[in-house]
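Next come the chains, spelled out residue by residue.
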Amino acid sequence: MKDKQIEKLIKQEEARQKKTISLIASENYVSDDVLKALGSKFTNKYSEGYPGHRYYKGQTFTDKVELLCQERALKLFGLSPEKWHVNVQALSGSPANLAVYLALVPKGEKVMGMSLNHGGHLTHGHKVSATGKIWNAVQYGVNPETEVLDYEEIKKIAIAEKPKMIIAGYTAYPRIVDFKKFREIADACGAILMVDMSHFAGLVAGGAYPSPFEYADVVTTTVHKTLRGPRSALIFSRRDKTQTSAKGNEISFSDLIDKAVFPGLQGGPHMNQISAVAVALKEASAPAFKKYAKQVIKNAKVLAEELNKLGWKIISGGTDTHLILVDTFMNGAGISGDEASNRLEKEGIIVNKNTIPNETRSPMDPSGIRLGTAGETTRGAKEKDMVKLAKRINGILRK
Ligand code: DSN
């Protein structure tokens, strides 16, 4: 590279990644092929619009790459193109979620998502997010005793509040979500059901976690977590679902979402990113990825069990996924999540501080940490490595 300053920073970041253990549940390590596609000359091209309907000329190959990406996304999750549409242009998870709200829920109407403290994402209606400012957000949580979803309670809130859309699928919830129950809840109050599967999409693709597609109307996901692709997002929508326009026309959710992404929210799609997503989707359809997804969960279960044996309280008592929430403060060693994550970083283990159910502290200095095994499993870690890792973490935090 001619730019030595940036070259140096890239090399330093590469070295940092190489010498540290990342247990950030939303991170992973992409393949060289994904990196190559990301760095390709597709970045030079403006492609506002959709395949076959662009504003600028020169789209022979961008159209092909976007159509291939869509085809691979539907195939990976076993979806028929007659029943499902996928938009592959969302730049990342938050804009993808925002596009769905803009498409399907009139401004000021009610949406219902899990609160941040209990494991929901900011874009599930938190007051600091546009989703909590533009829409009237009702929040649900986990049961304070069991720390898992209480579907009866969620149903009661939904029937009382009658939201236009319910959001399931979370950022810091380690358990399996019963999507059938969420469908029943949405039907009981006439709501659209949106599932944000960003965290567990790779586990669904690998057949290691239940698929939400049988029950959801819309499914959003990022590509860069367990799915092990570049930073990007996908929005799947059922073609048969429609809304009536002001003029009395029936418009499909898919068309409304496409219009909300472009021109509603974004300009030109990042075609280099879309080509890299296509590469990652092909990788995730290979048999080796099924093994990977299963190993991610095996590793997380062992890490959670070993930490628990060493006296740490694991939220909800364990995990069914790639992620684990550890209470480091209330029932732990009396150290906040901020302190715990700082101590671990000094020893080369990278985690994030996280709020936990029944949180008494602030999100900047909460009571827990979140751990995930997607990245280390990509690097070949197995159960025995998790046993060692749990001992190391325990030693660092109890120093
Ligand atoms: N920030 C992501 C996470 O870490 O879970 C969610 O967007």
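See the structure above.
Below, the structure is looked at part by part. All residue numbers refer to position in the chain's written sequence, counted from 1. For a predicted model such as this one, the threshold for reporting local features is a pLDDT of at least 70, and the threshold for listing and counting side-chain atom pairs is 80 or more; totals across whole chains, interfaces and linings nevertheless cover every residue. As a rule here, side-chain values come from all non-hydrogen atoms in the structure, and water together with hydrogens is ignored.

**Comments concerning the sheet that holds strand β6 (residues 136–140)**
At least two bridges found by DSSP between two strands are what make those strands a pair. To qualify as a helix, a DSSP run of H or I must reach at least 4 residues; to qualify as a strand, a run of E must reach at least 2; elements of each kind are numbered from the N terminus. Reading across from one edge, β4-β10-β9-β8-β7-β5-β6 is the order of the seven strands in this open sheet, with mixed pairing throughout. Looking along the sheet, the strands with just one partner apiece sit at the ends: β4 (84–87) and β6. Strand-to-strand twist in this sheet, taken as the mean axis angle between neighbours without regard to direction, amounts to 20 degrees. Pairing between strand β8 (residues 192–196) and strand β9 (residues 218–222): three bridges, direction parallel. In the sheet register, M194 faces β9, and the bridge partner there is V218. The axes used here are C-alpha line fits, helices contributing only the stretch in contact, and every angle between their N-to-C directions lies in the interval 0 to 180 degrees.

**A few points about the nonpolar core**
If you look at the biggest cluster of nonpolar residues, it comprises 59 residues, and the most contacted ones within it are F77, L149, I166, F182, M197 and F236. Considering every element that reaches this core, the biggest residue donor is helix α10 (residues 271–284), with six residues. Among residues more than four places away in sequence, those in contact with F182 are Y140, L149, Y151, I154, I166, A168, Y170, V177 and L193. Residue types Ala, Val, Leu, Ile, Met, Phe, Trp, Tyr and Cys, when buried and joined through side-chain atoms within 4.5 Å, form a set referred to as a nonpolar core. A 1.4 Å probe rolled over the protein chains alone gives each residue an accessible area, and that area as a share of the maximum for its type sets the label: buried under 20%, exposed over 50%, partly exposed in between. Throughout, a residue-residue contact means that at least one pair of heavy atoms, one from each residue, lies within 4.5 Å.

**Overview of the site of the ligand**
By convention in these notes, a residue is near a molecule or strand provided one of its non-hydrogen atoms lies within 4 Å of it. By nearness alone, every residue bordering the ligand is listed as S26, H121, T171, H199, K225 and R370. Interatomic distance of 2.6 Å between a side-chain N/O atom of S26 and an oxygen atom of the ligand. H121 has a polar side-chain atom sitting 2.9 Å from an oxygen atom of the ligand. Only the protein chains shown count as covering a residue, and every accessible area follows the Shrake-Rupley method with a 1.4 Å probe. Considering the ligand on its own, with 230 Å² of exposed area, one finds that the protein chains cover 65% of that surface. In terms of residue class, the shell around the ligand is built from no nonpolar, four polar and two charged. Throughout this description, a polar contact denotes any pair of N or O atoms lying within 3.5 Å of each other; where both atoms belong to protein, one of them has to be capable of donating a hydrogen while the other can accept it, and for residues adjacent in sequence the pair is counted only when both atoms sit in side chains. All amino acids are sorted into three groups, where Ala, Val, Leu, Ile, Met, Phe, Trp, Tyr, Cys and Pro are nonpolar, Asp, Glu, Lys and Arg are charged, and the leftover types, Gly among them, are polar.

**Thoughts on empty space enclosed by the protein**
Whether a set of points on the 1 Å grid over the protein atoms alone is a cavity depends on a 1.4 Å probe fitting there but being unable to get out, while an open set qualifies as a pocket with protein on both sides within 12 Å along at least five of seven lines; lining residues are those with an atom within 4 Å of a point. Grid points are joined across faces, edges and corners, and a volume is the space filled by probe spheres set on the points. The final tally for this structure, using the stated rule, is one cavity of 30 Å³ or more. Empty space within the largest cavity amounts to approximately 30 Å³. Forming the boundary of the largest cavity are Y170, T171, A172, Y173, H199, F200, T321, H322 and L323. Taken together, the residues that form the lining of the largest cavity break down as five nonpolar, four polar and no charged.

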